[in-house]
Each structure stands twice: as structure tokens, then as C-alpha cells.
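Observations on the model geometry
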Amino acid sequence: INQPQLAIDTKQLAKRHIAHARRQTEDATGFVDEHYTTFYGGDFSNSPTIWKGGLNFTHSVASGDPFNTSVLLWTRAVPVSPPGTTELPDQSVPACLSFKISTSPDLQGDTIDSGDAFTSYDVDWTLKVEAAGLTPDTKFFFQFSDCTNSSSVSPIGTTRTLPSPDTPANEVNGGNPITLAVFSCSQYQAGKRFSLHEACLRTEIKLIMTGWFNAYGYAAHNTSAEIFLHLGDYIYESLGDGASIGRQTLGRELATVHDYRQRLNQYRTDQGLLAAHQSGPWVTVWLDDHEVADQSWKAGTADSNDSTIGCAFSPSGACFTDRKLAAVRAYHEWLPIRQVTVNDKLRIWRNFEIGKLLDLTMLDTRQYDRDITDAIINTLAAFPNRSLMGFEQEKWFFNTLSQSQNRGAIWRVVGQQIVFTQLNESGVCQSNDAWDGYRANRERVLNYLYENEINNTIVLSGDSHANWVSDLAHPNDSTTYNPLSGQGAIGVEFAGTAVTSGSSFGTNIAPAAADVKSQEYVAANLDLQWSEGSYRGFFTLTIDPNTLNATYYAMRNITFANLDGFASANFVVKAGENKLSRPVAGGSTLAGVLKFNGSESH
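Residues numbered from 1 in each chain as written. Predicted model: local features only at pLDDT ≥ 70, side-chain atom pairs only at ≥ 80, totals over all residues. Heavy atoms only, no water.

The name an unreviewed UniProt entry gives the chain is PhoD-like phosphatase-domain-containing protein, with Lentinula detonsa as the organism.

Moving on, we come to empty space enclosed by the protein. Summary: where empty space remains is shown by rolling a probe the size of a single water molecule over the atoms. Per the stated rule, a full pass over the model turns up 5 cavities of 30 Å³ or more. Put simply, the second largest cavity is a space of about 190 Å³. As for the second largest cavity, its lining consists of 20 residues, and the residues nearest its centre are H35, Y36, T38, V123 and T126. Of all the secondary structure elements, the ones that give two or more residues to the lining of the second largest cavity are β6 (111-119), β7 (126-131) and α6 (320-334). Looking at the lining of the second largest cavity element by element, the count peaks at 3 residues for β7. Grouping the amino acids of the lining of the second largest cavity by side-chain chemistry returns 7 nonpolar, 9 polar and 4 charged. (1 Å grid on protein atoms, 1.4 Å probe; cavity = no way out; pocket = protein on both sides within 12 Å on 5 of 7 lines; lining within 4 Å. Points joined across faces, edges and corners; volume = space filled by probe spheres on them. Helix = DSSP H or I, 4+ residues; strand = E, 2+ residues; numbered from the N terminus. Nonpolar A, V, L, I, M, F, W, Y, C, P; charged D, E, K, R; others polar.)

Turning our attention to the sheet that holds strand β20 (residues 528-532). Read from one edge to the other, the open sheet built from 8 strands follows the order β14-β15-β16-β17-β19-β18-β20-β24, with strand pairing classed as mixed. The open sheet is flanked by β14 (350-354) and β24 (593-594), the only strands paired with a single partner. Both strand β18 (residues 467-472) and strand β19 (residues 491-495) contribute to a ladder of 5 bridges, which runs antiparallel. Each residue of the ladder has a partner; that of V469, found in β19, is F494. Running at roughly 155° to strand β16 (residues 411-415), helix α7 (residues 391-406) makes contact with β14, β15 (358-362) and β16 of the sheet. The strands touched by helix α9 (residues 511-524) are β18, β20 and β24; relative to β20, the strand with the most contacts, the crossing angle is about 165°. (Pairing = 2+ DSSP bridges. Contact = heavy atoms within 4.5 Å. Axes fitted to C-alpha atoms, helices over the stretch in contact; angles between N-to-C directions.)

At a closest axis distance of 7 Å, the pairing of helix α3 (residues 214-222) and helix α5 (residues 271-279) adopts a crossing angle of 40°. By the criterion of interaxial angle, the relationship of α3 to α5 is oblique. Between α3 and α5 lies a crossing whose hand is left-handed. For the pair α3 and α5, the contacting residues are Y216, G217, A220 and H221 in the first and G272, L273, A275, A276 and S279 in the second. (Parallel < 35°, antiparallel > 145°, perpendicular 65-115°, else oblique. Left-handed = near helix turned anticlockwise from the far one by under 90°.)

This model, assessed by the stated rule, comprises 33 aromatic pairs. Ring plane angle 5° and centroid distance 4.5 Å describe the contact between F398 and Y448, whose orientation is recorded as stacked. Of this pair, F398 sits in helix α7 while Y448 is found in helix α8 (residues 439-451), placing the two residues 50 residues apart along the sequence. For the pair formed by F398 and Y448, the shared burial category is buried. When the ring of Y535 is compared with that of F566, the centres are 5.3 Å apart and the planes differ by 90°; the resulting orientation is edge-to-face. Of this pair, Y535 sits in the loop between β20 and β21 (536-543) while F566 sits in strand β23 (residues 565-574); the two residues are 31 residues apart in sequence, bridging distant segments of the chain. An aromatic cluster is present here, built from F183, Y188, F213, Y216, Y218, F228, Y234, Y267, W282, F538 and Y553 joined pairwise through their rings. Between the NZ or CZ atom of R247 and the centre of the ring of Y188, over which it lies, the distance is 3.8 Å. Against the face of F67 rests R338, its NZ or CZ located 3.7 Å from the ring centre. (Phe/Tyr/Trp six-rings, centres within 6.5 Å; stacked < 30°, edge-to-face > 60°. Buried < 20%, exposed > 50% of the residue type's maximum accessible area, 1.4 Å probe, protein only. Lys NZ or Arg CZ within 6 Å of the ring centre and 35° of its normal.)

Structure representation (C-alpha cells):
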């Protein structure tokens, strides 16, 4: 009586919940919630009611992390108000979606798997389910619908399963080569970046205009890619200014779960990205490094950590740990990625056995247990105890390489975030944000490959916003490696440019000007065979038991949505040779600079 502010207005409570529930909700008893486990999300499987007022499939569909008999399916379905009302579900009321998957493009054939699953405000209305009991090495089509209105459906998505681990290499993909598309660094707006030379001096270059994700659309529409790989920087935490090309980012510098969800939401409206997600399963590694923040490592970023000063970067008051967990949670909500182990929610390093053709090993060289990064630690770069991966992941990686070779897989394809090969610029500078800043760790990897005679290793890299192709060998060791013939190499690295993010060679640099810098790079670095720094784009790997072909694609214009691109270079690796086939790229490319032309390389 004396504390009326603590009283409960039961009439208002009934009006808000009970009457509302009767009008726009339905009894949930007939539905079984089969949602894939969430990253700290709530469980609404015991909800007595579900929303029936209508749903909007805002971001099409996606799939990811395929196994031989299962794959994750993803969508986002946001409740809408029924006609003539402004009602939306109470926070305690989930939405229910049905899913089905079939080998029939129109889903009219036999349904291989189906079910229902709940989503809610708690996971930003995203939904992941695991379609299981599928035939290995098979193409599938899938769709979601509103449990309470079967005529309300999502677009139809395309996905596939992997072959069983023991499938002979020449039978994988029905005996046809399998093609992977590889991306990194997609920035929606403009932002500040460092060139490799300027990174040593810690001076910023001008704003770089970035923009439309045409590389994704080109890969979806103009290549035969069946699996899409992303090596990091799927989003950027910075605000920037892309208004002049219709790419103004929403919100602020990312700090809270709302911030990260909003940014992912906006990025996923790009039509090229929507098409690529709808066209095939994705395999991703997060957090290099802008999925959290610039220059992130295991305990901080360029502008945040858990100290008093480090918690002041944002008006939200979020510290680094808060920021990192918010970013990881939103990433799990918006990307069709599996949780590798229930005991270690931050682990994303994992391996996919694609028959006996290859192992696809995805590493986390940025967030999991990386020692301090940034240009200020140049004096630490050669310390023997510095690690990119941490002891546990490094040991797992070495074991995975050996197990792959021992089980008879022909190729070992390693997806990770940062450039592996040493990149001196005219012999005076290295990027300490790449493996150059963790030289002992790189040496341990190379030693393991050499000492254990691990063959056919292909390292994939992103992050640098430029294209680099190298033989894998001890850096600048001319006594054991011959750059002309490739003898002495133990593998190959294919490092790709950004989808949109500005070139590390300079602001909006033209091809001719970029080639001048590329000449310096290929001259200064023994292992580096090709460099290109002007075009934005991606590359594909087409793999069969005898040959791996890497084709680089360049986008001509990213200031508006289009599919105008071309194949700029093609490289061949023959099984068992552990080097780029000579002449490298057939002796010529349509962009960039080769170390040797066709007459010199043999």
C-alpha cells in the first residue's frame, strides 16, 4: 500500500499478454523446436505459444559448414504486424519456421529432411537448423516457411553435402573437379587503411572509397563455384562515409551486440552477397580482425582492451571482452557456422574431409590465442615464444596435417586470415600484423612440413587487400630454394585481394602505378612469384586428383552494383610437385607482375 510504484497492474498485464496472445498467437503444442544450438541465446522450445501474425524473410537464405550427411541451413524471419494493426509479439513469444530440403529444384520431389524450429528477439530473429540424414556428395535445394501459414515462404536456396571421407579422390563430385571460391575483406563503406610501407611508420593514408560487393555476385553468377570460403573481415567495425555511392553505414563504431547485429543486417542487404549465400554452402573463419575491431589480438584491439582507458573507446562503456563476446555472438547468429565444441565457444578452427581428394583446414590466426599485434611490436616479431594460434591450436594443426596425409588425402588446403609468405618492401619493411610479425611460429610450420614430408599443402590468405602468389619455402633462403625452377619449395600460398576494401598499395591506385610497387615486391622477396595491388576481387580453386588451378578475378568497378569482371591470372599446381608449375601463370597475366616471364621461367 505504501509503495504503489512496486504494484502490478493486473488489468494491463492481462491486456498486454493474455488478450494479445489469443489474437495473434497459436498453441505451440504441435510443433517441435529443432533449432541449432545458439551462442548464449535463450531456449524457447517450451514456449506455450508461437506468433501467427505474419513473418518477413528479410535476408533470403544461406547454408554452411557441410558434412557428408548434414549441412546447416539459415534464414531470418522478422514478425510483421497483421493488416490494420501495429501489434508485434511479446518478447516471450517466438516465431516458428518449417524447413524442408530436397534434391528437386522446385522442392516438389521427395523431401529428404524437414522439421520446425523457433526463433525470437533473443537471436535477432535469425535461425539455424541442421538438415541431417542427407546423401553424401549431393546437391540439394531448401526452403523455409511460416509454421502458421505455409504460403509464406523464403526464397529457395542451393546447398550440397561433402563426399564421405573414404570416397576415392577420382570419384569425388561425381568424378568432376570441385571448385571453391575464396573471399576476404568486404567493406561496405569508406575507411582508413595502412599501406605496408606506411604501416611501419604508423602514418595513415587518405580515405579509400570502397563499396559494392560485386565479387560475391560475380562468383555466384559467372563461375562454377560450389563452396564459398571467407577468410575474414566479413564486416568492418568502423563507421566511414559511403554516402556518395549509396553505402552510408548505420550506427556507430561497433561495441555492443546491437551494434554488431545492425552492421551484419546492413551488409547482408547487398544483392551480390545475398546471391552468393543463396547459391551454395559457406565455410568461414571470423574475426580478421574487423569482425571485432582493427588490430585485434587475444586481449585487445587498436583502441580497446579491459583497462580503464581501453573501456572508454565507446559511449557504451564496453570493454574489449564485452566487445569480443558481442561480436562473436552476432557472428554466430548471422552466419551458418557450427559450434565446434560445447566446451570452447570461441573455437572455430576445424577440418573438413572432402573424400580422399582434400582436407580443408580452417585456422584462427587472429582471435583465439594470438599474442599482441600492431606495428609497435617490431622488436618482438622474432621472439621464439610468440604465437599466432596458441599451443593447443598449433598442435592440433600439425596433427591434422599428418592425419590428412596418412589417411591418403591428396591435397591439404589451409584457410586462414593473414599472409604467410615474407613480404619485404624493397628489403626495408615487413607487415607485423601478418606472419612476418610471428616469424618463429612461421618457421615452426615450415619445419613441420619439411621434416614430416607433408606434400601438396596449399595455404590460402586474405587480409592484405592485394594479390600475392608464392612458393612456400624458408624466407629468402636461396641455398635450399630456387625461385626460377621452384625446386626446394614445400607448398604454395594463394593470397587474395579484398572484395572491396582499399588497396594496401595506396589510395585508389591505378594498375600501372600498382605494378611499379609489385615490381619492387617480387624483386625483394625470393618466394613471391606474382603481385597485383590495384583490382578488388576474389579467386577460385578448381581441384582434381592431379591438378589444382587457381584463377584470380578482378572487378572493374565497385562504385555501383554490376558483374563486370575478368580473369586476371591463372596458376597451376601439379600433385606431388609442391610448387607452382613453370612457367608460372603460363608466363603471362592480364594484371600484376610476375617474377619471371615465360621465357625465363621453366
